[in-house]
Amino acid sequence: MNEAYTPEDLKATHDGLKWSQAGPGVIPAWVADMDLPTAPEVVEALRRRAAGDLGYPSWLTEPGAGPLAEAFAERMAGRYGWQADPSLVRSFNDLNQALQVFLQVWTRPGDGVAVHVPAYHPFLGTLDLMKRPLRPIRMEPEGDSWRFDPPHLSDCRVLLLVNPHNPTGRVFTREELTVLAEQAERHDLLVIADEIHADLTFEPHRHIPFATILPERTVTLTSATKAFNLGGIRCSVAHVGHPGVREALAAQPPFVYGSANLFGVEATVAAWRHGNAWLEDTCALLDRNRRTIAARLPDTIGYRVPEATYLAWLHVGRPGMAEVYEREARVLLNDGAAFGPGGEPYVRLNFATTEPILAEILDRLARAGIA
């Protein structure tokens, strides 16, 4: 897990989005991909499938998502105590597609969507493109963590809940989730719960699936792609607990939104059923890395150690600093302004890399005199 890769090694061997967007000599720490090898159980499952039957899978005509649905339900029961119904699971390419599908079938232009901000920026782009006005719930620093005031959601149609939260790394408590559930009930809201970072929650925090609190109002979106570094497999699931949304989705042409591909299903099932040892090792590395950042950063940069995810949300004091870091420190980060209201004086740093490379990132920031 902690191979002594150099940035040059990774640049030479990684041709994905993360490294290809970095200029010469620049270390990328932006998009949420890891600089780690794939779980061997996933690699072996893909090899077996590639060497075997690549015809139409037996589950293609099933109403749900076949083995993907069963593996999802098993994981939710074993890891979170949620007895999810596999017959309510549908497959999609990724969470962005799934969000757009559910907004398309359940809302109209002008319907408000409440989201905790700062927020995962592709979701903000979706709301803008689809003309669903953002109703921000502001996340505010409090001590070593983050809080939000109880929201008033009377002018909303949907609550889009990202938990664990990206970019702050906050894991919402049962009390906070209960407040949101009460508001959703009071104002007849659909809750779309993005829980893709759930498996990356650090002790002593606990992820609580929102569907265990408000099952018949919740659509849960998740995937193995974040926890197991599988972004390229294009496979996610939605557990559709809301009966009205199920009916609206069933009324659509059966192939209009596509379905998960054979290799995506193989990789996801292998990760969820057999990849826990790899995940434990990875989370141990990420735990060390999040604490290393806290030990290395100067007091002039605000950093609250994330309770989940591998994303550090750094308060650097003024807008536009991501460009400065790339130019002066040769480190590529996400600019906080893209994450919506409140994000302007921040940058987001992806620390899912080896310890030597994280040390080099922090060294570069220090040598540039801006960290």
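Bear in mind that the values here come from a model prediction, so they are computed numbers and not experimental data.

Draft legend 1. A look at the pattern of salt bridges. On inspection of all chains with the given rule, the structure shows 22 salt bridges. Arg291 is the salt-bridge partner of Asp287, the closest N and O atoms lying 2.9 Å from each other. Here the residue Asp287 and the residue Arg291 both occupy positions in helix α10 (residues 276–296), the gap between them amounting to four residues, near one helical turn. When salt bridges with common partners are traced through the structure, they connect Arg75, Arg79 and Asp199 into a single cluster.

Draft legend 2. Highlighting the sheet that holds strand β12 (residues 311–315). Pairing is antiparallel in the open sheet, where four strands are placed in the order β11-β12-β15-β14. Two strands close off the open sheet at either side, each with one partner strand: β11 (302–303) and β14 (334–335). Relative to strand β15 (residues 346–350), β14 runs antiparallel, the two being bridged by two bridges. Bridged to Asp335 within β15 is Val347.

Draft legend 3. Molecular detail of the sheet that holds strand β9 (residues 218–222). As summarised here, the arrangement of the seven strands in space is β2-β10-β9-β8-β7-β3-β4, forming an open sheet in which the pairing is mixed. Each of the sheet's edge strands pairs with one partner strand only, and the pair in question is β2 (89–92) and β4 (134–138). Adjacent strand axes in the sheet meet at a mean angle of 25°, parallel and antiparallel pairs treated alike. Examined bridge by bridge, β9 and strand β10 (residues 236–240) share four bridges and lie antiparallel to one another.

Draft legend 4. Here's a closer look at the nonpolar core. Residues Phe228, Tyr310, Leu314 and Leu349 are the most contacted members of the largest nonpolar core, which totals 69 residues. At the level of secondary structure, the elements contributing two or more residues to this core comprise α3 (40–50), α4 (67–80), α9 (262–274), α10, β12, α11 (321–329), β15 and α12 (355–367). Ranked by the residues each element gives to this core, the list is headed by α9, at seven residues. In contact with Tyr310, not counting residues within four places along its chain, are Ala32, Asp33, Met34, Leu200, Lys226, Leu286, Leu349, Asn350, Phe351 and Ala352. Core analysis: the next-biggest nonpolar cluster, separate from the first, contains 30 residues, Phe92, Val113, Val219 and Val240 among them.

Draft legend 5. Geometry of the environment of Ala337. Here Ala337 is to be found in the loop between β14 and β15. On a C-alpha basis, the gap between Ala337 and Gly52 in space is 47 Å, while along the polypeptide they are 285 residues apart. Filtering out sequence-adjacent residues up to four positions away, Ala337 remains in contact with Gly343 and Glu344.

Draft legend 6. Quick peek at the packing of aromatic side chains. Applying the stated criterion across every chain, the model contains nine aromatic pairs. Relative to Phe123, the ring of Tyr120 has its centre 4.8 Å away and its plane inclined at 90°; by these criteria the two rings are edge-to-face. Of the residues examined, Phe123 reaches a relative accessible area of 2% and is grouped as buried. Judged by centre distance (4.8 Å) and plane angle (5°), the rings of Trp313 and Tyr346 are stacked. Taken as a pair, Trp313 in strand β12 and Tyr346 in strand β15 lie far apart in primary sequence, 33 residues in all. Note on Trp313: relative accessible area 3%, which makes it buried. In this arrangement the basic side chain of Arg290 is found over the ring face of Phe202, its NZ or CZ atom lying 4.1 Å from the centre. The side chain of Arg304 reaches across the aromatic face of Trp146, ending 5.5 Å from its centre.

Conventions used here
Residues numbered from 1 in each chain as written. Predicted model: local features only at pLDDT ≥ 70, side-chain atom pairs only at ≥ 80, totals over all residues. Heavy atoms only, no water. Salt bridge = Lys/Arg side-chain N within 4 Å of Asp/Glu carboxyl O. Helix = DSSP H or I, 4+ residues; strand = E, 2+ residues; numbered from the N terminus. Pairing = 2+ DSSP bridges. Axes fitted to C-alpha atoms, helices over the stretch in contact; angles between N-to-C directions. Core = buried A, V, L, I, M, F, W, Y, C linked by side-chain atoms within 4.5 Å. Buried < 20%, exposed > 50% of the residue type's maximum accessible area, 1.4 Å probe, protein only. Contact = heavy atoms within 4.5 Å. Phe/Tyr/Trp six-rings, centres within 6.5 Å; stacked < 30°, edge-to-face > 60°. Lys NZ or Arg CZ within 6 Å of the ring centre and 35° of its normal.

What is shown is where atoms sit, not what they do.
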